[in-house]
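Observations on chain architecture
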Amino acid sequence: MEKSLIILKPDCMQRKLVGQVISRLENAGLNPIACKIINLDNDLLREHYAHLAHLTFFPEIVEFMSSTPVMVIIFEGENAVERVRNILGPTDSQKAPAGTIRGDFGLDKMRNIAHASDGKDSAEKEIARFFR
Ligand code: ADP
């Protein structure tokens, strides 16, 4: 059993896609084992997206990610990290294949519906970060 940390982003919350995104993960046999709705502040976003902090569009990401509350969920299942990433699709929604969450619902590179841990180590760190 493996755990992955998912964040349903402001575009997902605002466009009322929460149920559909959770259903896709549940239908793949993954189980939500923890969930909360929080506001992401500057410090938390700088930590979570540290690998992007040097980029010129980073302030836009912070503005977007803190524009509404987000839903943070831990999903558990066999090979959960890789499977959630596959169900979500690649970062750029325009390049994400139909049938993936980002391909079906995402708008662009930034408004791409959800975050999902990209590896086992980052999943552990992110779970500790958001569920202290
Ligand atoms: P992923 O979310 O697929 O793991 P990254 O870790 O590279 O992708 O980026 C984190 C988030 O930052 C993306 O999901 C997206 O919201 C935003 N982002 C990444 N690259 C861009 C970009 N070129 N333009 C706008 N936003 C971006």
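See the structure printed just above.
A quick note: this is a predicted structure, and the numbers were derived from the prediction, not measured.

How each quantity is defined
Residues numbered from 1 in each chain as written. Predicted model: local features only at pLDDT ≥ 70, side-chain atom pairs only at ≥ 80, totals over all residues. Heavy atoms only, no water. Helix = DSSP H or I, 4+ residues; strand = E, 2+ residues; numbered from the N terminus. Rg over C-alpha atoms; globule rule 2.2 N^0.38 Å. Buried < 20%, exposed > 50% of the residue type's maximum accessible area, 1.4 Å probe, protein only. Contact = heavy atoms within 4.5 Å. Areas by Shrake-Rupley, 256 points an atom, 1.4 Å probe, with all protein chains shown as cover. Lys, Arg positive; Asp, Glu negative; His and termini not counted. Charge placed at Lys NZ, Arg CZ, Asp CG, Glu CD. Core = buried A, V, L, I, M, F, W, Y, C linked by side-chain atoms within 4.5 Å. Pairing = 2+ DSSP bridges. Axes fitted to C-alpha atoms, helices over the stretch in contact; angles between N-to-C directions. Salt bridge = Lys/Arg side-chain N within 4 Å of Asp/Glu carboxyl O.

Here we take up the overall build of the chain. Looking only at helices and strands, the chain features 7 helices and 4 strands. Ordered by position from the N terminus, the helices and strands of the chain form the series β-α-α-β-α-α-β-α-α-β-α. In terms of overall dimensions, the chain is globule-like: its C-alpha atoms have a radius of gyration of 14 Å, near the 14 Å expected for 132 residues. The principal-axis extent of the C-alpha atoms belonging to the chain is close to 35 × 35 × 25 Å. Here the chain, with 132 residues, has 48% of them falling under the buried criterion. Excluding contacts between residues fewer than 6 apart, the proportion of contacts in the chain whose partners are at least 24 apart in sequence is 75%. For the chain, the computed accessible surface area is about 7000 Å², with 50% contributed by carbon and sulfur atoms. Charge centroids of the chain, computed over 17 positive and 18 negative side chains, lie 2 Å from each other.

Looking now at unusual backbone geometry. Residue asparagine 79 is not a glycine yet carries a positive backbone phi of 55 degrees. Note on placement: asparagine 79 falls in the loop between β3 (70-77) and α5 (80-88). Under the relative-accessibility criterion, asparagine 79 is labelled partly exposed at 36%. Even without a glycine there, the phi angle at isoleucine 113 is positive, about 75 degrees. For isoleucine 113, a relative accessible area of 0% gives the class buried.

A word on the nonpolar core. If you look at the biggest cluster of nonpolar residues, it comprises 22 residues, and the most contacted ones within it are Leu8 and Ile113. Where this core is concerned, the elements lending two or more residues are β1 (2-8), α1 (10-14), α2 (18-27), β3, α5, α6 (101-105) and β4 (114-116). Apart from the residues lying within four places of it in its own chain, the contact partners of leucine 8 are Met13, Val18, Val21, Ile22, Val70, Met71, Ile73, Ile113 and Ala114. Counting 18 residues, the second largest nonpolar core, distinct from the first, contains Leu5, Ile38, Val72 and Ile74.

Strands sit in the order β2-β3-β1-β4 across an open sheet of 4 strands; the sheet is antiparallel. This sheet does not close on itself; its edge strands, each paired only once, are β2 (31-38) and β4. On average, each strand axis in the sheet is inclined to that of its neighbour by 20 degrees, with strand direction left out of account. Running over the sheet, α2 touches β1, β2 and β3 and is turned about 10 degrees from β3.

One can find lysine 9 in the loop between β1 and α1. Buried within the structure, lysine 9 lacks any salt-bridge partner; aspartate 11 is the closest side chain of opposite charge, at an N-O distance of 6.5 Å.

It is worth stressing that arrangement in space is one thing and function is another; only the former is reported here.
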